[in-house]
Amino acid sequence: MPWVAAGLMCAVLLSAVVFIRRSALESSSLVVRGMANVLMLAGVEAFREGTGVPSQQALEAFLNTHQEGGLRYVAIVEDGQVLASAGVGSLGKIEDGTQLRFEEGRGRFIHRLRKPRPPDGPPAVSGTPPMVEPPVSQEPRRNLRIGYDFEPVTALELKERSQRLLFVAAVSCMGILGLAFAFSRSLAQREALAAELERGRRLAALGTMSAVLAHELRNPLASLKGHAQLLAERVERDAVLRPKADRIVGEAVRLEQLMNDLLGFVRSGELRRSGTDPNEVLRAAVEATGESSVEARYLPGHEKVELDAGRFQQALENVLRNAVQVSPAGQRVEVGVAQEGPALVFTVRDHGPGIPKGDEERIFEPFVTGRLRGVGLGLAITRRIVELHGGSVSARTHAEGGAEFRLTVPARGT
């Protein structure tokens, strides 16, 4: 199945990309911490000499040295106050210490610049006179901090590349699913076309056979029917022979109807369209079926559409007769015509047992019937007529019971 293969491919691709992105994020975090350590060591090394605040030139020189690596701002801080700085940036609200803070693509941290000078000389020992040395004026070292604001270029580039990779993977999955959909649709269309061609081939062969049989049987059957009717008239008063003669006539009439159905099935596809009122077509079909058995609903207007009135009436009659035959006594068949967008929809609903599941399409095949008497050509003829009008026929079991048929044709106005 194309969908299964496409789904597996997408799952493998997305899993791999998610794993790569997670690894990239972890690596970028390590890169940020590594850069912070490098800056801290460089700052200690650069400003370890001296006791006062580093000069502005020293700070700018330090910034220029490490700017390519991502350093954007460096500042000397004492008791929360910035004494000197270089570059563009800020330390934000971060506490003293080496704790790294990374937000909005920038890293910030502060650490001690120099350790306080220890007390001069060892403590005096009791009983030992102190050494006398000339006084030396020494300024105690100040407790200064140095803060950094840096942009981890390498880490950000790594995250951006992983983001692009994820986007490319998502687009690729959409492309794979699109190709799978197109392939599935093409495959379904090809299968439907092959089925339609096979159906057309079978119907053509069946039509040829039916035409030959109807042609060969028409004349002998007409002769049989005529002689049977004459025989029935002659034995009209014979209580034994008259029922037998009537049965012969009845079977001859049934065979004649069968041949008419066969000829109707193989009839030419040419339609004789004319401006027709759909209400009149439906009314004629109801009258031919029996108004007492059918409840009809008509269109409110009397607009005319292009239909072959005679043949479409035949299609409706075939469905109505089946519906009347399967409905229980006293239950009227419901039929109606409605305008649904650019189409006319004729609906026929009976109150019979419904359609067996899976037979919704099969019942329209020739010679498929659920009745003891009949050859199953009525619905096949109906579908052929409706399809010649550019429409379609569907059947389903209604939710409240019984079968519902929908005959849909384009409402081509005159």
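Along each chain, numbering runs from 1 in the same order as the chain's sequence is written. This being a predicted model, a pLDDT of at least 70 is required before a residue's local features are given, and a value of 80 or more before pairs of side-chain atoms are given or counted; all residues contribute to the totals for chains, interfaces and linings. Side-chain numbers come from the whole structure's heavy atoms, not from hydrogens or water.

**Here we look at the nonpolar core**
Alright, step 1. Only buried residues count toward a nonpolar core, which is a set of Ala, Val, Leu, Ile, Met, Phe, Trp, Tyr and Cys residues joined through side-chain atoms within 4.5 Å. Residue exposure (1.4 Å probe, protein chains only): buried if accessible area is under 20% of the type maximum, exposed if over 50%, otherwise partly exposed. Ranked by size, the top nonpolar core spans 30 residues in total, and within it Phe312, Leu316, Leu320, Phe346, Val348, Phe405 and Leu407 carry the most contacts.
Alright, step 2. Every element with two or more residues in this core is listed here: helix 5 (278-289), strand 8 (305-307), helix 6 (309-326), strand 9 (333-340), strand 10 (343-349), helix 7 (378-388), strand 11 (392-397) and strand 12 (403-410).
Alright, step 3. A helix here means a DSSP run of H or I that spans at least four residues, while a strand means a run of E at least two residues long, and both kinds are numbered starting from the N terminus. No other element matches the five residues that helix 6 contributes to this core.
Alright, step 4. Should any heavy atoms of two residues lie within 4.5 Å, those residues are counted as being in contact. Once residues within four sequence positions are removed from consideration, Val348 is found in contact with Val319, Leu320, Ala323, Val333, Glu334, Val335, Ala403, Glu404 and Phe405.
Alright, step 5. Formed by 22 residues, the second largest nonpolar core is a distinct cluster that contains Met35, Phe47, Leu144 and Ala155.

**Regarding the pattern of salt bridges**
Alright, step 1. By definition here, a salt bridge exists when the distance from a side-chain nitrogen of Lys or Arg to a carboxyl oxygen of Asp or Glu is within 4 Å. Taken as a whole, this structure holds 12 salt bridges when the rule is applied.
Alright, step 2. Between Glu361 and Arg383 there is a salt bridge; the shortest N-O distance is 3.6 Å. Remark: Arg383 occurs in helix 7 and Glu361 occurs in the loop between strand 10 and helix 7; sequence separation between them is 22 residues.
Alright, step 3. Where Glu404 meets Arg396, a salt bridge forms, and the shortest distance between an N and an O atom there is 2.9 Å.
Alright, step 4. Given the relative accessible area of 12%, Glu404 is considered buried.
Alright, step 5. It is possible to trace a salt-bridge network through shared partners that takes in Arg106, Arg108 and Asp149.

**Quick notes on the confidence of the model for the chain**
Alright, step 1. For the chain, per-residue confidence averages 80 on the pLDDT scale, and 83% of positions sit at 70 or higher.
Alright, step 2. Contacts for the low-pLDDT stretch residues 124-137, under 50 throughout, to residues beyond four places or in other chains number zero contacts. Summary of the metric used: pLDDT quantifies the predictor's per-residue confidence within the range 0 to 100.

**Description of the sheet that holds strand 9**
In a beta sheet, neighbouring strands pair by backbone hydrogen bonds and run either parallel or antiparallel.
Alright, step 1. In short, DSSP must find at least two bridges between two strands for them to pair. Pairing is mixed in the open sheet, where five strands are placed in the order 7-9-10-12-11. Both outer strands of the open sheet, strand 7 (294-297) and strand 11, are each paired with one neighbouring strand and no more. When strand polarity is set aside, the average angle formed by the axes of neighbouring strands in this sheet is 15 degrees.
Alright, step 2. Relative to strand 12, strand 10 runs antiparallel, the two being bridged by seven bridges. Counted as the bridge partner of Val348 is Phe405 from strand 12.
Alright, step 3. The strands that helix 5 touches are strand 7, strand 9 and strand 10; relative to strand 9, the one it contacts most, it runs at about 170 degrees.
Alright, step 4. An axis is simply a line fitted to the C-alpha atoms; with a helix, the fit covers only the stretch in contact. Between two such axes, the angle follows the N-to-C directions and lies from 0 to 180 degrees. Taken strand by strand, helix 7 contacts strand 11 and strand 12, and its axis lies near 25 degrees from that of strand 12.

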